[in-house]
Amino acid sequence: MAYSVREERQSLAASLREALDEAERAVIRLRGDNVEPFLQLLDGIDERFMQLASSGLDLRPERTRWRSLHGRLQREAGRVMRAVDAAGGMAPLRERNPPAQGLWWHLDAVAAAERRRAIRRLGATVGTVVACLAMVWALFTFVIPADANSVITSEAISELRQLAFEARWADGLAVIEEAKALLTEPDAQLLIWEAVVRGKLGQAGKAREALAEAQALVPSDGQVAFWWTLGMIRLDIGDLEEARAAGNEALALDASDPQGYFLLGNVAEVEGDAAAAIDFFEQTYQLAIEGGADELAVIARIRMGTLLQRPANMPLFDEGEPDAGGSRATPPPPGPAGNPSPAP
């Protein structure tokens, strides 16, 4: 009988090692059609660890591999979530696989938490970008006027950034309407903010109208700046897909525009794709040097250096350590997105 129990435990341990092998191979090539079986496989590994917890077997190598796999899932949560989104989203997957308590079933929260941290990291350095982004206004008007309209717009946008950080969209719209009532002429930047805020409030028609009005105020040679200004504001409130789309619009108009690449680099960094971000910042640097935009070139070089120095194994979710079975407590749900970069 004792022999049978030992044999069963050895068989279970062998099965655990095979499952770890399979998971380590699968995590490299996750897609929408295989991500659910992968998450179920992780459930099976966790269950085997619990079954073997009191077996007396030396499972330290297996636990090390399990922790390493956990770390990789956290570091690459954004990539895993792209496969999950292709499969219909994490919420439906959790519903189909109760109780879905493992960390891997909550990578949407991990990815959102890292996105918020990345946006806040971006905010810590974005002050140096302000001077560069002032070119937007110069492209809109060719002169930065020190008049009452500028003051009204500047104060309104400063308040809008804070309200956006708190996701207080109705209050933001009130600020916009109050500022518009005081302006003696329409302001393109404020109208872009209005389009974004109305979109958040579900007012799609009015959002399109505001954006069209803003674009109409911009001269033909300022359309590239219009798009990456919109993109930076989208990035400012955490709308990464919309920010990327705006950056692509800017580059479609001018493939040599360094600010378009700079915007896409920011989006990639916030998503946790360091390799893509470095490539975009390198393109920004080269084009900025060629175009004489020395400040932007310096900023791009600094951002590249920061990414290159970041440890490859930097954890994205640092609340606690795995328990004996390798599981973590369910991470907290994501809060509102951060608000890093000032609108130009």
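Going by the structure above, here's the rest.
A brief look at the structure comes next. A quick note: this is a predicted structure, and the numbers were derived from the prediction, not measured.

## With respect to the overall build of the chain
And then number 1: The number of helices and strands found in the chain is 16 helices and zero strands.
And then number 2: Taken across its 344 residues, the chain has 47% of its residues classed as buried.
And then number 3: Considering only contacts within the chain whose residues lie at least 6 apart along the sequence, 68% involve residues at least 24 apart.

## Let's talk about the nonpolar core
And then number 1: Counting residues in hydrophobic clusters, the biggest one holds 38 residues, and the most contacted among them are Leu190, Trp193 and Leu235.
And then number 2: Of all the elements in the fold, those that place two or more residues in this core are helix 8 (148-165), helix 9 (169-182), helix 10 (188-200), helix 12 (223-236), helix 13 (240-253) and helix 14 (258-271).
And then number 3: It is helix 12 that contributes the most residues to this core, nine residues altogether.
And then number 4: Apart from residues no more than four positions distant in its own chain, Leu190 is found in contact with Ala156, Ile157, Leu160, Ile176, Ala179, Lys180 and Leu183.
And then number 5: Counting 34 residues, the second largest nonpolar core, distinct from the first, contains Ala13, Val35, Phe49 and Leu107.

## Some details on the environment of Trp66
And then number 1: In this structure, Trp66 sits in helix 3 (residues 60-75).
And then number 2: Residues Trp66 and Asp46, spaced 20 residues apart in sequence, show a C-alpha to C-alpha distance of 8.9 Å.

## A few points about helix 16 (residues 294-309)
And then number 1: Taking 1.5 Å as the rise per residue, helix 16 with 16 residues should run 22 Å; its terminal C-alpha atoms sit 23 Å apart, in good agreement.
And then number 2: Among all positions of helix 16, only Leu296, Ala297, Ile299, Ala300, Arg303, Met304 and Leu307 are buried. Buried residues of helix 16, viewed axially, fall in a sector of 165 degrees; they line one side. Pointing more than 90 degrees away from the buried face of helix 16 are the exposed residues Ile302 and Gln309.

## A short note on the pattern of salt bridges
Opposite charge on two side chains permits them to pair, given that their charged atoms come into close proximity.
And then number 1: Evaluation of the coordinates by the stated rule reveals 20 salt bridges.
And then number 2: In this structure, the salt-bridge partner of Arg65 is Asp21, at a minimum N-O distance of 2.5 Å. With Arg65 in helix 3 and Asp21 in helix 1 (residues 2-26), this residue pair connects regions lying 44 residues apart in the sequence.
And then number 3: For Arg65, a relative accessible area of 23% corresponds to the partly exposed category.

## What to know about the packing of helix 8 against helix 10
And then number 1: With their axes 11 Å apart at the nearest point, helix 8 and helix 10 run at an angle of 20 degrees to one another. Here helix 10 runs roughly parallel to helix 8, going by the angle between their axes. For the pair helix 8 and helix 10, the crossing hand works out as left-handed. Of helix 10, the residues touching helix 8 (which contributes Ala156, Ile157, Leu160, Arg161 and Ala164) are Gln189, Leu190 and Trp193.
And then number 2: For the contact of helix 8 with helix 10, a count of residues per class yields six nonpolar, one polar and one charged.

## Notes on the packing of helix 13 against helix 14
And then number 1: The interhelical angle for the contact between helix 13 and helix 14, taken along N-to-C directions, is 155 degrees, at an axis separation of 8 Å. The angle between helix 13 and helix 14 places the two elements in the roughly antiparallel class. Read as a crossing pair, helix 13 and helix 14 show a hand that is left-handed. From helix 13, Leu240, Glu241, Ala243, Arg244, Ala246, Gly247, Asn248 and Leu251 reach across to helix 14, where they touch Gly260, Tyr261, Leu263, Leu264, Val267, Val270 and Glu271.
And then number 2: Per-class residue counts for the contact of helix 13 with helix 14 are nine nonpolar, three polar and three charged.

## Section: the environment of Gln259
And then number 1: Mapped onto the secondary structure, Gln259 falls in helix 14.
And then number 2: According to the relative accessible area criterion, Gln259 is buried, its value standing at 3%.
And then number 3: Measuring from C-alpha to C-alpha, the distance between Gln259 and Gly247 comes to 8.4 Å, with 12 residues separating the pair along the chain.

## Description of the environment of Leu308
And then number 1: For Leu308, the location among the structural elements is in helix 16.
And then number 2: A residue is classified by how much of its surface remains accessible, and Leu308, at 61% relative accessible area, is exposed.
And then number 3: Sequence spacing of Leu308 and Ile278 is 30 residues, and the spatial spacing of their C-alpha atoms is 7.9 Å.

## A look at unusual backbone geometry
And then number 1: Following Pro98, the chain continues to Pro99 via a peptide bond in cis, the omega torsion being 0 degrees.
And then number 2: Residue Ala100 is not a glycine yet carries a positive backbone phi of 50 degrees.
And then number 3: Secondary-structure assignment places Ala100 in the loop between helix 5 (90-96) and helix 6 (107-125).
And then number 4: Look at Ala100 and you get buried, because its relative accessible area is 6%.

## Thoughts on the packing of aromatic side chains
And then number 1: Scanning the entire structure with this criterion turns up four aromatic pairs.
And then number 2: Clustering of aromatic rings is evident, with ring pairs tying together Phe49, Trp66 and Trp104.
And then number 3: Over the aromatic face of Tyr285 sits the side chain of Arg301, whose NZ or CZ is 3.8 Å from the ring centroid.

What counts as what
Residues numbered from 1 in each chain as written. Predicted model: local features only at pLDDT ≥ 70, side-chain atom pairs only at ≥ 80, totals over all residues. Heavy atoms only, no water. Helix = DSSP H or I, 4+ residues; strand = E, 2+ residues; numbered from the N terminus. Buried < 20%, exposed > 50% of the residue type's maximum accessible area, 1.4 Å probe, protein only. Contact = heavy atoms within 4.5 Å. Core = buried A, V, L, I, M, F, W, Y, C linked by side-chain atoms within 4.5 Å. Expected span 1.5 Å × (residues − 1). Arc of directions from axis to C-beta. Salt bridge = Lys/Arg side-chain N within 4 Å of Asp/Glu carboxyl O. Axes fitted to C-alpha atoms, helices over the stretch in contact; angles between N-to-C directions. Parallel < 35°, antiparallel > 145°, perpendicular 65-115°, else oblique. Left-handed = near helix turned anticlockwise from the far one by under 90°. Nonpolar A, V, L, I, M, F, W, Y, C, P; charged D, E, K, R; others polar. Phe/Tyr/Trp six-rings, centres within 6.5 Å; stacked < 30°, edge-to-face > 60°. Lys NZ or Arg CZ within 6 Å of the ring centre and 35° of its normal.

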